[in-house]
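# A look at the structure
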Amino acid sequence: MNRIILHIDMDAFYASVEQLDHAPFRGKPVIVGGTSNRGVVSTASYEARKFGVHSAMPIFQAKQKCPHGIFLPVRMMRYKELSRQIMSTLEGFTPLVEQISIDEAYLDISGTERLLGTPVEIGCRVKEGIKAATSLSCSVGIAPNKFLAKIASEMKKPDGLTIIRPDGVQGVIDRLPIEKVPGVGEKTVLILRNLGVSRLVDVRRLHEHTLIEKAGKFGRRLLDLSKGIDTSPVLPYTEAKSISSEDTLPEDTDDMEILKRQLLIQAELVGRKLRKNGLKGSTVTLKLKSSDFKQTSRSVTLDEPANSTNLIYERGLRLLQDLDASTRFRLIGIGISNLSPEKGVIEQLNLFKKLDVREDPWVNVERAMDTIKDRFGKNAIKRGAHDLG
Ligand code: TTP
Ligand code: MG
């Protein structure tokens, strides 16, 4: 069955919130940015974008381009408050809502037509619903999969609504510049350009093994995307039903060894929390934020629920290795959702219990490590990343 996926992305989110809260700023160039030593633009209102100001630009440069702009600090708490209102409005349409950043979400609206109307009608109602709840505007993309829905929502920003129907997929792929493909980093753009690729459709001319050799496992995903294929499901993610851990890296990096080490630290925290609470989870989600603040998440469903650090790390690592290796990341995190109670916690503590062959052998080692850490502190025992591949 063809899926119908909707992607929603708020317009100039932080700047629009500032304009909402301060009426005199409306219709004016508003630039929101950090005041720390990083000093970059978080976002700019569409009025400021006309002067060439954009996200991630150093503030001093934005001031040169737009000297009469209104420069404001980031008020994260307020943006998060509105983000929560937006997400709960979306959940009024379907429980299948996957939030992917503060101002973006996917909705799987397949099969809701009888209840909610045609896809375009649903898109309009989503926009109206968000406007009614927050007074803010957003752009909506509707397509047969997540990748194309995201591309669609970008097409008519701000306040847009774009639908890519199955018969329009080819045309979009033919025109899409390779650098617009979500997940493609700067280095991969250069590599692909050298191979004569400037649009996504050009990828199809390359052999799979050339793509994998040049762009790693991500090459395979690119090939799928070039055929309009993206089977990734919309995964609703709720705070209460998941355990996750994430951290900003000391500096932006594409060094796999550093990313692996950080991933292991986060997987260890998640695994420990699961075991401490007598839980297992069945969906592992890797979350990354790139140096240009774009957030990516990838999920995998396990064959059966687990709470082993080893397994969580290993699945997270596979997801990491499937991403474009040339992207520089500023944050990495891992989470596990679809939690269920761990069966037989008591039994497992029973020394006389027969060894369950299906039990991950690492779990017992990890339990012993948990106990040592609880008694002697978290530095009392550590595992080496090389143990885990
Ligand atoms: P985006 O959705 O990428 O941008 P936007 O909502 O400001 O504008 P658009 O209309 O093009 O969607 O990001 C959402 C928010 O995330 C943005 O308002 C501020 C924050 N952000 C940063 O802090 N730094 C960045 O580099 C980017 C891209 C976003
Ligand atoms: Mg946005």
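Let us look at the structure shown here.

Quick notes on the rules
Residues numbered from 1 in each chain as written. Chains lettered and ligands numbered in written order. Predicted model: local features only at pLDDT ≥ 70, side-chain atom pairs only at ≥ 80, totals over all residues. Heavy atoms only, no water. Donors = N, O, S within 2.8 Å, 3.2 Å for Na, K, Ca; no water. Tetrahedral: all angles 85-135°; square planar, octahedral: opposite > 155°, others 65-115°. Buried < 20%, exposed > 50% of the residue type's maximum accessible area, 1.4 Å probe, protein only. Phe/Tyr/Trp six-rings, centres within 6.5 Å; stacked < 30°, edge-to-face > 60°. Lys NZ or Arg CZ within 6 Å of the ring centre and 35° of its normal. Pairing = 2+ DSSP bridges. Helix = DSSP H or I, 4+ residues; strand = E, 2+ residues; numbered from the N terminus. Axes fitted to C-alpha atoms, helices over the stretch in contact; angles between N-to-C directions. Contact = heavy atoms within 4.5 Å. Salt bridge = Lys/Arg side-chain N within 4 Å of Asp/Glu carboxyl O. Parallel < 35°, antiparallel > 145°, perpendicular 65-115°, else oblique. Expected span 1.5 Å × (residues − 1). Core = buried A, V, L, I, M, F, W, Y, C linked by side-chain atoms within 4.5 Å. Near = heavy atom within 4 Å. Polar contact = N/O pair within 3.5 Å; in protein donor to acceptor, adjacent residues only side chain to side chain. Areas by Shrake-Rupley, 256 points an atom, 1.4 Å probe, with all protein chains shown as cover. Nonpolar A, V, L, I, M, F, W, Y, C, P; charged D, E, K, R; others polar.

## Side note on the coordination of the magnesium ion (ligand 2)
Coordination of the magnesium ion (ligand 2) by the protein is provided by D9 (OD), M10 (O) and D103 (OD), with metal-donor distances spanning 1.9 to 2.3 Å. Here the magnesium ion (ligand 2) binds 6 donor atoms, and the angle range of 83 to 176° at the metal identifies the geometry as octahedral. Spacing between the donor residues of the magnesium ion (ligand 2) along their common chain follows D-M-x92-D. Under the relative-accessibility criterion, M10 is labelled buried at 2%.

## Observations concerning the packing of aromatic side chains
Taken as a whole and judged by the stated rule, the model has 3 aromatic pairs. Among the aromatic residues, ring-to-ring pairing joins F13, Y14 and Y79 into one connected group. Directly above the ring of Y46 sits R49, whose terminal nitrogen or CZ lies 4.1 Å from the centroid. Above the face of the F71 ring, K63 is positioned so that its terminal group lies 5.3 Å from the ring centre.

## Observations regarding the sheet that holds strand β2 (residues 30-33)
Judged by pairing direction, the sheet is mixed, and its 3 strands sit side by side in the order β3-β2-β4 without closing on themselves. The open sheet is flanked by β3 (41-44) and β4 (70-72), the only strands paired with a single partner. Sheet twist, expressed as the average angle between the axes of neighbouring strands with direction ignored, equals 25°. Looking at chain direction, β2 and β4 are connected through 3 bridges and run parallel. Counterpart to I31 in the pairing with β4 is F71.

## What to know about helix α1 (residues 13-21)
The element α1 is extensively covered by neighbouring structure, given that 7 of its 9 residues are classed as buried. For α1, the complete set of buried residues consists of F13, Y14, A15, S16, V17, E18 and Q19. Tucked into the core, α1 has its buried residues touching β1 (5-10), β2, β3, α2 (46-49), β4 and α4 (76-91).

## Comments concerning the pairing of strand β12 (residues 329-341)
In this sheet, β12 lies alongside strand β9 (residues 242-253) in antiparallel orientation, the contact comprising 8 bridges. Following the sheet pairing, S244 is matched in β12 by G335. In terms of strand pairing, strand β10 (residues 279-290) meets β12 through 11 bridges, oriented antiparallel. Considered in β12, the bridge of T283 is made with S337.

## Structural notes on the pattern of salt bridges
Pairing is possible between side chains that carry opposite charge, provided their charged atoms lie close to one another. Under the defined criterion, the tally for this structure stands at 19 salt bridges. E179 is the partner of R193 in a salt bridge, and the nearest nitrogen-oxygen pair spans 3.1 Å. Here R193, found in helix α9 (residues 186-194), pairs with E179, found in the loop between α8 (169-175) and α9; they are 14 residues apart in sequence, far enough to count as distant. Using a relative accessible area of 42% as the deciding quantity, one classes R193 as partly exposed. Overall, E179 belongs to the partly exposed group, its relative accessible area being 41%. Put simply, R315 and E314 hold a salt bridge, and the shortest N to O gap is 3.6 Å. R315 gets classed as buried once you look at its relative accessible area, which sits at 17%. Several salt bridges converge on common partners, so that one network encompasses E18, D21, R75, R78 and E81.

## Some details on the sheet that holds β12
The strand order across the open sheet built from 4 strands is β9-β12-β10-β11, with neighbouring strands paired in antiparallel fashion. Every other strand in the sheet has two partners, leaving β9 and β11 (295-306) as the edge strands with one partner each. If you compare each strand with its neighbour and ignore which way they point, the axes differ by 15° on average. Against the sheet, helix α13 (residues 309-321) touches β10, β11 and β12, its axis set at about 35° to β10.

## Examining the packing of α1 against α4
The contact between α1 and α4 brings their axes to 10 Å, and the two run at 95°. The orientation of α1 relative to α4 falls into the category roughly perpendicular. Of the residues in α4, those in contact with F13, Y14, V17, E18, L20 and D21 of α1 are M76, R78, Y79, L82, S83 and I86.

## Things to note about α13
Look at α13: 18 Å from first C-alpha to last across 13 residues, which is about the 18 Å you get at 1.5 Å a residue. Among the residues of α13, T309, N310, L311, I312, Y313, R315, G316, L317, L319 and L320 are the ones counted as buried.

## Let's talk about the nonpolar core
Judged by nonpolar contacts, the single largest core of 32 residues is most densely connected at L6, I8, F13, L90, L107 and V126. For this core, the secondary-structure elements that each account for two or more residues are β1, α1, β2, β4, α4, β6 (104-108), α6 (119-134) and β7 (138-143). Listed in part, the 29 residues of the second largest apolar core include V172, V181, F218 and L222.

## Some thoughts on the site of ligand 1
The immediate surroundings of ligand 1 are formed by 16 residues, with A12, T43, Y46, R49 and D103 found nearest. A distance of 3.0 Å separates an oxygen atom of ligand 1 from a polar backbone atom of F13. In the environment of ligand 1, an oxygen atom lies 2.9 Å from a nitrogen or oxygen atom belonging to the side chain of D103. Relative to its unbound accessible surface of 550 Å², ligand 1 loses 88% to contact with the protein. In the shell around ligand 1, the residues fall into 6 nonpolar, 3 polar and 7 charged.

## Observations regarding the environment of S282
Assignment of secondary structure puts S282 in strand β10. On the accessibility criterion, S282 (16% relative accessible area) is buried. Along the primary structure S282 and E304 are separated by 22 residues, whereas in three dimensions their C-alpha atoms are 6.2 Å apart. Leaving out residues up to four positions away in the same chain, S282 has contacts with V300, T301, L302, P305, I336, S337 and N338.

By themselves these figures say nothing about function.
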